[in-house]
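Report on the structure
The lines below spell out each chain.
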Amino acid sequence: MVLKELQNIFHIELDAIYGKHEVDSFFYLCTEHYLNVPRIQLTLEPELAITKPETDTFFKALEHLKQQKPIQYLLGETEFFGLPFKVNENVLIPRPETEELVALILQNVKNQDPKTKPITILDIGTGSGCIAISLAKNVPNAKIYALDVSKDALKIAKQNADLNNVKINFIEASILDETCHSALDAESTFDIIVSNPPYIRELEKREILPNVLDNEPHLALFVEDDNPLLFYKATTNFAIEKLKPNGQLYFEINQYLGEETKQLLVDAQFKKVELLKDLNGNDRMLKGCKVLEIF
């Protein structure tokens with residue numbers, strides 16, 4: 001079949017669901033992934049044809065896309081902060097808002113004295129490892145730990161660390177119980193703790209698109225309506241104990257609970273607490289600094 005004909009079929013079947021521009025993006029991602037044919041080649045060779053087995057692969061992808069399965073899960077890969085990442089149904093698909101969180105951390109790290117000793121960073125709820133690995137690539141002298149309760153998520157995260165040629169100390173533990181304390185050396189303390197935990201309330205499920213709701217791991221997405229800051233409280237308490245004096249705590253947050261989440265850090269006597277908006281104007285990031293201990 002000629003690829004241009006196949007592209008037209010994609011538009012006929014999918015435009016009503018995703019829109020023309022998004023469908024073009026899906027199709028070109030498929031041609032690059034399945035055929036190693038870049039977009040420009042289709043422009044230069046409009047009559048380029050593929051074999052029946054290759055055509056069948058595209059039709060299988062088309063059926064999954066009609067069912068609103070994320071293209072990243074179909075291809076088993078995505079990009080985050082300019083780096084390649086493997087993904088499957090055991091990890092969230094990394095999002096642009098989280099890239100903004102990484103950029104915020106890197107900007108603050110660059111403002112620190114470069115003569116200081118290597119910094120230690122802990123990523124809580126690492127999922128695919130996108131935050132920890134992106135920081136490792138951009139802060140070569142950092143010692144980075146990444147924690148997750150999901151064994152299956154950590155398997156993917158370890159593959160991504162190998163893929164990007166960085167060393168991460170992965171830990172299988174939950175921030176909600178003592179496993180996170182026992183999994184770390186008793187004397188371990190950190191310059192930076194960052195977390196993008198589950199923060200979508202059950203009542204907000206109606207706002208979630210089917211491609212997310214029906215495919216991405218609910219363990220990493222949702223919290224109960226009556227205790228939506230569960231993970232933020234646990235991480236803040238952990239940070240009180242495990243952050244070094246003047247250490248920094250970073251969160252990605254629920255845009256509807258910005259002030260409430262900020263108050264957690266204020267109540268815990270963090271200083272320089274800032275609630276920051278993402279590029280869409282939503283409250284999305286929170287940072288604070290642990291008070292310098294005075295003896």
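Structural data are supplied above this passage.
Every value quoted in this text rests on a predicted model; they were computed, and no experiment measured them. (Residues numbered from 1 in each chain as written. Predicted model: local features only at pLDDT ≥ 70, side-chain atom pairs only at ≥ 80, totals over all residues. Heavy atoms only, no water.)

Within the largest apolar cluster, 34 residues are counted, with the highest numbers of intra-cluster contacts made by Leu 122, Ile 193, Phe 238, Leu 249 and Leu 265. Of the residues forming this core, the biggest block, five residues, is contributed by helix H11 (residues 230-242). With sequence-adjacent residues up to four places away left out, Ile 193 is seen in contact with Leu 122, Ile 124, Thr 235, Phe 238, Ala 239, Lys 242, Leu 243, Gln 248, Leu 249 and Tyr 250. Membership of the second largest hydrophobic core comes to 28 residues, among which are Leu 135, Ala 136, Ile 192 and Tyr 250. (Core = buried A, V, L, I, M, F, W, Y, C linked by side-chain atoms within 4.5 Å. Buried < 20%, exposed > 50% of the residue type's maximum accessible area, 1.4 Å probe, protein only. Helix = DSSP H or I, 4+ residues; strand = E, 2+ residues; numbered from the N terminus. Contact = heavy atoms within 4.5 Å.)

For the structure shown, the criterion picks out 13 salt bridges. With its nearest N and O atoms 3.1 Å apart, the salt bridge here joins Lys 151 to Glu 172. Remark: Glu 172 occurs in strand E5 (residues 169-172) and Lys 151 occurs in helix H8 (residues 151-163); sequence separation between them is 21 residues. For Glu 172, a relative accessible area of 44% gives the class partly exposed. Through salt bridges that share partners, Glu 13, Glu 63 and Lys 66 make up one connected network. (Salt bridge = Lys/Arg side-chain N within 4 Å of Asp/Glu carboxyl O.)

To describe a pair of aromatic rings, one takes the distance between the centres and the angle between the planes. The full count for this structure, using the stated rule, is 10 aromatic pairs. Ring centres 6.3 Å apart and planes at 65° place the aromatic pair Phe 10 and Phe 58 in the edge-to-face group. Placement of Phe 10 in helix H1 (residues 3-18) and of Phe 58 in helix H4 (residues 52-66) is noted, with a sequence separation of 48 residues between them. The pair Phe 10 / Phe 58 is uniform in exposure class, with both members buried. (Phe/Tyr/Trp six-rings, centres within 6.5 Å; stacked < 30°, edge-to-face > 60°.)

Phi at Asn 165 takes a positive value of approximately 60°, unusual for a residue other than glycine. Inspection of the secondary structure puts Asn 165 in the loop between H8 and E5. Residue Asn 165 is classed as exposed on the basis of its relative accessible area of 68%. Positive phi outside glycine occurs at Gln 269, with the angle close to 65°. Relative to the helices and strands, Gln 269 resides in the loop between helix H12 (258-267) and strand E10 (271-277). With a relative accessible area of 61%, Gln 269 lands in the exposed category.

Bringing the pairing of strand E11 (residues 283-289) into the picture now. Put simply, side chains in a regular strand alternate between the two faces of the sheet. Burial analysis of E11 places seven of its seven residues in the buried class, which makes it a mostly covered element. Both strand E9 (residues 243-252) and E11 contribute to a ladder of five bridges, which runs antiparallel. Following the sheet pairing, Tyr 250 is matched in E11 by Lys 287. Across five bridges, the pairing between E10 and E11 is antiparallel. Counted as the bridge partner of Leu 276 is Met 285 from E11. What sits between the antiparallel neighbours E10 and E11 is a turn of five residues, in which Gly 281 has the positive phi angle 85°. (Pairing = 2+ DSSP bridges.)

Attention shifts here to H1. The sharpest bend along H1 comes to roughly 40°, located at Ile 12. Those residues of H1 lying buried are Leu 3, Leu 6, Gln 7, Phe 10, His 11 and Leu 14. Structurally, H1 contributes buried residues whose contacts are with helix H2 (20-35), helix H3 (39-44) and H4. Positive backbone phi, approximately 95°, marks Gly 19, located one or two places after H1. (Bend = angle between axes of the 7 residues up to and from the residue.)

So, about the packing of H11 against H12. Between H11 and H12, the shortest axis-to-axis distance is 10 Å and the interhelical angle comes to 20°. Relative to H12, H11 is oriented roughly parallel. Helix-helix and strand crossings are classified by hand; for H11 and H12 the assignment is right-handed. Here Tyr 232, Lys 233 and Thr 236 of H11 lie close against H12, whose contacting residues are Thr 261, Leu 264 and Leu 265. Taken together, the residues of the contact of H11 with H12 break down into three nonpolar, two polar and one charged. (Axes fitted to C-alpha atoms, helices over the stretch in contact; angles between N-to-C directions. Parallel < 35°, antiparallel > 145°, perpendicular 65-115°, else oblique. Left-handed = near helix turned anticlockwise from the far one by under 90°. Nonpolar A, V, L, I, M, F, W, Y, C, P; charged D, E, K, R; others polar.)

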